[in-house]
Amino acid sequence: MEKPICPKCEHTKIVKSGIVGGRQRFKCKKCGYHFTVNKLGKAIDKYYVVKALQLYIEGISYREIERILGVSHVSVMNWVKQYKIKAPESYDYRPTYKVLNHTELVKFMAIKENLLDTGMLITELGDKFMIIKWERFKNR
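Residue numbering note: each chain is counted from 1, following its sequence as written. Where totals are concerned, whole chains, interfaces and linings use all residues; where local detail is concerned, this predicted model gives features only for residues with pLDDT of at least 70, and gives and counts side-chain atom pairs only at 80 or more. Excluding hydrogens and water, the side-chain figures rest on all heavy atoms present in the structure.

- Looking at an unreviewed UniProt entry, one finds the protein chain named Homeodomain-like domain-containing protein, with Belliella pelovolcani as its source organism.

If you want it as structure tokens, here you go:
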């Protein structure tokens, strides 16, 4: 195991100072600060962070992103706050999406009606593809 550095003063002269909660406690010889080594959390691949933020910007809700990517909606909210992402306010359009494999995507794109009267974005989603379309709300 590598010797940790002090999180307070970043000094390398560290000594062991007991065990707390089953984790080794350390003491910095320079500043006297006691600390434990950070617990490694469950890391989420940056690919999913980027995809979640892209979907959020496109107007997909947190819960829908959770269902699509399999990542907690709370994690998505935290990423939006962390990266200071603001979703564009667009009241005239609403996004709809479909997740398709390659064969389904080819069939979808072959139908001319699917390509008319809407904006569309196609993005890779693991081994599948996601089509996001914007359709105008019908004014009554």
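Some details on the overall build of the protein chain
Part 1 of the argument: The secondary structure listing takes helices from DSSP runs of H or I that are at least 4 residues long and strands from runs of E that are at least 2 residues long, numbered from the N terminus. When you go through the protein chain residue by residue, the secondary structure sums to four helices and six strands.
Part 2 of the argument: Seen in sequence order, the protein chain has helices and strands lined up from the N terminus as β-β-β-α-α-α-β-α-β-β.
Part 3 of the argument: A fraction of 46% describes how many contacts in the protein chain between residues 6 or more apart in sequence connect residues 24 or more apart.
Part 4 of the argument: Only the protein chains shown count as covering a residue, and every accessible area follows the Shrake-Rupley method with a 1.4 Å probe. About 10,600 Å² of surface is accessible on the protein chain, with carbon and sulfur atoms providing 52% of the total. Residue contacts follow a heavy-atom distance rule, with two residues in contact if any of their heavy atoms lie within 4.5 Å.

Considering the environment of Thr96
Part 1 of the argument: Tracing the chain through its elements places Thr96 in strand E4 (residues 93–100).
Part 2 of the argument: Separated by 24 residues in the primary sequence, Thr96 and Met120 have C-alpha atoms spaced 9.6 Å apart.

Remarks on the packing of aromatic side chains
Part 1 of the argument: Classification of ring pairs uses Phe, Tyr and Trp, with its six-membered ring standing for Trp, and accepts pairs whose centres are within 6.5 Å; under 30 degrees between planes counts as stacked, over 60 as edge-to-face, and the remaining range as tilted. Inspection of every chain in the model, using the stated rule, returns four aromatic pairs.
Part 2 of the argument: Between Tyr47 and Tyr48, the ring centres sit 5.3 Å apart and the planes meet at 85°, which makes this aromatic pair edge-to-face.
Part 3 of the argument: Put simply, the rings of Phe26, Tyr33 and Phe35 touch in pairs and so form one group of aromatic residues.

Here's the deal with the side chain of Thr123
Part 1 of the argument: Structurally, Thr123 is set in strand E5 (residues 119–125).
Part 2 of the argument: Exposure remark for Thr123: the relative accessible area of 13% places this residue in the buried category.
Part 3 of the argument: In terms of polar contacts, Thr123 uses its side chain to reach the side chain of Lys51, at 2.4 Å.
Part 4 of the argument: Setting aside chain neighbours within four positions, we find Thr123 in contact with Lys51, Gln54, Lys128, Phe129 and Met130. Exposed residues in this analysis have more than 50% of their type's maximum accessible area, buried residues have under 20%, and partly exposed residues fall in between, with area computed by a 1.4 Å probe over protein chains only. Here a polar contact is recorded for every N or O atom pair within 3.5 Å, except that within protein the pair must consist of a potential hydrogen donor and a potential acceptor, and residues adjacent in sequence are included only if both atoms are side-chain atoms.

Some words on the packing of helix H1 (residues 46–57) against helix H2 (residues 62–69)
Part 1 of the argument: Here H1 crosses H2 at 140°, and the two axes come no closer than 10 Å. Here H1 is positioned oblique relative to H2, judged by the angle of their axes. As H1 packs across H2, the resulting crossing turns out to be right-handed. Contacts from Tyr48, Lys51, Ala52, Leu55 and Tyr56 of H1 reach H2 at Tyr62, Ile65, Ile68 and Leu69. The convention used is that axes are lines fitted to C-alpha atoms, helices contributing only their stretch in contact, and that angles between N-to-C directions extend from 0 to 180 degrees. Any angle that falls under 35 degrees is termed roughly parallel, while one over 145 is termed roughly antiparallel, one within 65 to 115 roughly perpendicular, and all others oblique. Crossing handedness follows the turn of the near helix against the far one: under a right angle anticlockwise gives a left-handed crossing, and clockwise gives a right-handed one.

Quick look at the environment of Val20
Part 1 of the argument: Looking at where Val20 falls in the secondary structure, it is placed in strand E1 (residues 14–20).
Part 2 of the argument: Distance in space between the C-alpha atoms of Val20 and Phe35 is 9.7 Å, their sequence separation being 15 residues.

Section: a nonpolar patch on the surface
Part 1 of the argument: A cluster of nonpolar side chains, Met109, Leu115 and Ile122, forms an exposed patch at the surface whose accessible area comes to about 220 Å².
Part 2 of the argument: Within the fold, Leu115 resides in the loop between helix H4 (102–110) and E5. Surface patches are drawn from residues lacking salt bridges whose relative accessible area is over 30%; two like charges belong together within 9 Å, two nonpolar side chains (Val, Leu, Ile, Met, Phe, Trp, Tyr) within 5 Å. Salt bridges are counted wherever a side-chain nitrogen of Lys or Arg sits within 4 Å of a carboxyl oxygen of Asp or Glu.

Focus: the side chain of Asn114
Part 1 of the argument: Mapping Asn114 onto the fold places it in the loop between H4 and E5.
Part 2 of the argument: In contact with Asn114, other than residues within four places in its own chain, are Phe108, Met120 and Lys133.

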